[in-house]
2 protein chains.
Amino acid sequence: METIGFIGLGIMGSPMAQNLIKARYTLVVYDIIKECVNEIASARAMAAASALEVAEKSNVVITMLPDSPDVEAVVFGNNGVLTGIRPGSLFIDMSTIALATSKKVYNALQEKGVESLDAPVSGGDVGAKAGTLSIMVGGSDEAFKRALPLFEVMGKNIVHIGDPGAGQVTKTANQIVVALTIQAVAEALTLVKKSGVDIARVRDALLGGFAQSRILDLHGQRILERNFKPGFKIKLHHKDLGIALQIARELGLSLNNTAQAAEFMNALIAQGKGELDHSSLILLVEALSGLTE
Amino acid sequence: METIGFIGLGIMGSPMAQNLIKARYTLVVYDIIKECVNEIASARAMAAASALEVAEKSNVVITMLPDSPDVEAVVFGNNGVLTGIRPGSLFIDMSTIALATSKKVYNALQEKGVESLDAPVSGGDVGAKAGTLSIMVGGSDEAFKRALPLFEVMGKNIVHIGDPGAGQVTKTANQIVVALTIQAVAEALTLVKKSGVDIARVRDALLGGFAQSRILDLHGQRILERNFKPGFKIKLHHKDLGIALQIARELGLSLNNTAQAAEFMNALIAQGKGELDHSSLILLVEALSGLTE
């Protein structure tokens, strides 16, 4: 069995690493926050002092980090993965990051004789704990085949989309659809509420037709209950839409409603609501029209 | 059995009336276009010369018309329903129209001792033919109960939402969600396509997660096939978003993305694409970024 390096032991990374341990893999783990390492360290999860040490001691290195600069630091920084990793190793970045960063990492590792995959996930901490994440993968067939047993421990809906970067593009598309579908539900339910019509009944009726979506179901229920506890935080979704708009600029694309939704999230963050669930987009739609809690 | 008046025998109304005939109801039918009447007239569907005549000869009058002015003309016009309808009759407007018009019609009929329902539908001509329309109903419990056997002939997902107008509010919410979900899918898939990633695979991956929607499924497939044959025409959806924005103005609501989607549809109509399916919203997203067929 391959020795798995795991870097990034936060809300997502920690349960993902735990699931690998449960599946009887041997891990070498690292996080910039010492307590996160201590929590998981055991006979089967050796604590490392740096990303470099993780890379030296593993055959497969997985990263699960918050944002592009974190991945850059872990790969290219002093005591980074690039210095320690051996040819023939496999590098899997499961973070959601900029396409440009993802490609830069891929190219640098190729030069060292290391195959890599971009494999961002969706499903949140609930999916990470249950091992039911959706995993969207870009990279070569061989690398995908090598990683598949690990993905099957961490996720359920695992799709090899295409070439390097294709995983990040897919995740970005996912985040655009989710944000704009929340906006769709938010505008519709605000109109219903202001009309004095029962939003629970409208949600039921709409779930039976073309307006059906998982967002109308799950986030519609959150809106009914006025439950904006995350779930997936506005500030993280805002980061992801930033990635979408960066890709759009690089490719020369105008994504009107995506830009608008990013600005709405920006406003919510400015109002101190960045820690709320992304279904709280409706709070801005309501506030624009003078509706307050 | 009640005698059913049916006014408006177009793409939707004609198959709905046919289903009532098949269910062994006796109909009195009228349309402003003589050929539409001739096509359906038979021993069980007596042709009337005016809306007034329909109202005089029926216990229940159903209207299925394109827009608010058509309903106003049929109800309030010379030889209109209001002149002929008898107290104790039931009036059911299944058109998608402005909330203000719907309430005006309701009030005028109440003064004549006539109960009425607003009962707009979704599901298109396919649903109308199959008798599987979703029907969203506003009005009193008694009126709903009286109409239910008729609704069950024409539709499947039949929900009594609430007071008069609640059906129109629900339909409006439905049209907002559908339009903005198409926009969501259009922006995401345009980014994917321009990235050179396979949009069929991305759609598959996204259908397994939070981005799932009936629109991503059905309209995503249309987009894959570049099949913009209606379905539901841009110009009709544009009309419905006009109703949404009118309600929003009346209620004092700012619906940012709804207004934007209405403008996008406006642009498509200006470009001569109003007869295409509403999934062709993606053509505008593409054109904005200089992508052409």
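Residues numbered from 1 in each chain as written. Chains lettered and ligands numbered in written order. Predicted model: local features only at pLDDT ≥ 70, side-chain atom pairs only at ≥ 80, totals over all residues. Heavy atoms only, no water.

1. A word on the side chain of His 278 of chain A
Residues and elements named next belong to chain A. The criterion, for reference: Only DSSP runs of H or I with at least four residues qualify as helices, and only runs of E with at least two residues qualify as strands; both kinds are numbered from the N terminus onward. Relative accessibility under 20% of the residue-type maximum defines a buried residue, over 50% an exposed one, and the middle range a partly exposed one, all with a 1.4 Å probe and only protein chains included. Side-chain atoms alone can form a polar contact between residues adjacent in sequence; in general such a contact is a pair of N or O atoms within 3.5 Å, and within protein one must be able to donate a hydrogen while the other accepts it. Here a residue-residue contact requires only that any non-hydrogen atoms of the pair lie within 4.5 Å.
With respect to the helices and strands, His 278 occurs in the loop between helix H13 (256-270) and helix H14 (281-288). Its relative accessible area of 6% is what places His 278 among the buried residues. At 2.8 Å, the side chain of His 278 and the side chain of His 219 are in polar contact. Separated by 2.9 Å, the side chains of His 278 and His 237 make a polar contact. Among residues more than four places away in sequence, those in contact with His 278 are Val 178, Ile 182, His 219, Phe 232, Lys 233, Ile 234 and His 237.

2. A look at the side chain of Thr 172 of chain B
Summarising the element assignment, Thr 172 of chain B is placed in helix H9 (residues 166-194). Residue Thr 172 of chain B is classed as buried on the basis of its relative accessible area, which comes to 2%. What Thr 172 of chain B contacts, discounting residues up to four positions off in sequence, is Leu 191 of chain A together with Ile 243, Ala 244 and Ile 247 of chain B.

3. Notes on the interface of chain A and chain B
Put simply, the rule is: When two parts are put together, the accessible area they lose, computed with a 1.4 Å probe and summed over both, is reported as buried area. Any Lys or Arg side-chain nitrogen found within 4 Å of a carboxyl oxygen on Asp or Glu counts as a salt bridge. In this count, Pro and Cys sit with the nonpolar residues alongside Ala, Val, Leu, Ile, Met, Phe, Trp and Tyr, while Asp, Glu, Lys and Arg are called charged and the others, Gly among them, polar.
Taken residue by residue, the interface counts 59 residues in chain A and 59 residues in chain B. For the pairing of chain A and chain B, the buried interface totals around 5200 Å² over both sides, and the portion due to carbon and sulfur atoms is 66%. Considering only the side of chain A, the residues that lose the most area to chain B are Glu 187, Leu 191 and Phe 210 of chain A, jointly responsible for 14% of the buried surface there. Connecting chain A to chain B are zero salt bridges. At the boundary of chain A with chain B, the tally comes to 18 residue pairs in polar contact (both at pLDDT 80 or more). Split by residue class, the side of chain A that touches chain B holds 32 nonpolar, 23 polar and four charged.

4. Points about the pairing of strand S9 (residues 155-162) of chain B
All names here are of chain B. Worth spelling out the cut-off: When DSSP finds two or more bridges between two strands, those strands count as paired. Look down the strands so they point away from you; if the path from the first strand over the helix to the second goes clockwise, the crossover is right-handed.
Most of S9 sits out of view: six of its eight residues are buried. Across six bridges, strand S8 (residues 133-138) lies against S9 in parallel orientation. Its bridge partner lying in S9, Ile 135 is registered against Ile 158. Handedness of the S8-helix H8 (residues 141-154)-S9 crossover: right-handed.

5. Notes on helix H12 (residues 234-251) of chain B
Just so we agree on the cut-off: In a helix, the anticipated span is given by 1.5 Å times the number of residues less one.
In a regular helix each residue adds 1.5 Å, so 18 residues correspond to 26 Å; H12 of chain B covers 25 Å between its end C-alpha atoms and thus fits that length. Residues Ile 234, His 237, Lys 239, Asp 240, Leu 241, Ile 243, Ala 244, Leu 245, Ile 247 and Ala 248 of chain B constitute the buried set of H12 of chain B. Its buried side turned inward, H12 of chain B meets helix H9 (166-194) of chain A together with helix H6 (99-111), H9, helix H13 (256-270) and helix H14 (281-288) of chain B. In the stretch just after H12 of chain B, Gly 252 of chain B is the one whose phi turns positive, near 75°.

6. Examining the pairing of strand S6 (residues 115-118) of chain A
When strand S5 (residues 90-93) of chain A meets S6 of chain A, the two strands line up parallel, connected through four bridges. By the bridge assignment, Phe 91 of chain A is partnered in S6 of chain A with Ser 116 of chain A.

7. Remarks on the domain arrangement of chain A
All names here are of chain A. Definition in use: The domain limits used here are those given by an automatic or database domain assignment.
Looking at chain A, the domain boundaries give domain 1 (3-162) and domain 2 (169-288). Each of domain 1 and domain 2 has a C-alpha centre, and these two points are 29 Å apart. At the interface, 12 residues of domain 1 touch 10 residues of domain 2. Both sides of the domain 1 and domain 2 interface together cover about 980 Å² of buried area, and 64% of this is carbon and sulfur. Our count for the contact surface shared by domain 1 and domain 2 stands at zero salt bridges. Broken down by secondary-structure element, the contributors of at least two residues to the side of domain 1 that touches domain 2 are helix H6 (99-111) and strand S7 (121-122).

8. Topic: the environment of Lys 233 of chain A
By the secondary structure assignment, Lys 233 of chain A is in the loop between helix H11 (214-225) and helix H12 (234-251). Note: C-alpha distance between Lys 233 of chain A and Glu 275 of chain A (42 residues apart in sequence) is 5.3 Å.

9. Details of the relation of the copies chain A and chain B
This is how it is decided: Superposition of the copies used a least-squares fit over C-alpha atoms from residues whose pLDDT is at least 70 in both.
Rotating chain A by 180° about the axis while translating it 0.0 Å along that axis superimposes it on chain B, leaving an RMSD of 0.0 Å. In symmetry terms, the pair is related by a two-fold rotation axis. Relative to the rotation axis, the closest C-alpha in chain A is found at Ser 213 of chain A, a distance of 1.9 Å. Interface residue correspondence from chain A to chain B reaches 100%, placing this contact among same-surface, isologous pairings.

10. Considerations on the environment of Ala 108 of chain B
All names here are of chain B. Following the sequence through the fold, Ala 108 ends up in helix H6. In this structure the C-alpha to C-alpha distance between Ala 108 and Leu 82, which are 26 residues apart in sequence, comes to 7.9 Å. Setting aside anything within four residues of it in sequence, one finds Ala 108 in contact with Phe 76 and Leu 82.

11. Considerations on the confidence of the model for chain A
Condition: The quantity known as pLDDT measures the predictor's confidence residue by residue, on a range of 0 to 100.
Per-chain confidence: chain A averages 96 in pLDDT, with 100% of residues scoring 70 or above. The ipTM, which scores confidence in the relative placement of chains, is 0.93 for this predicted complex, and the corresponding pTM is 0.93.

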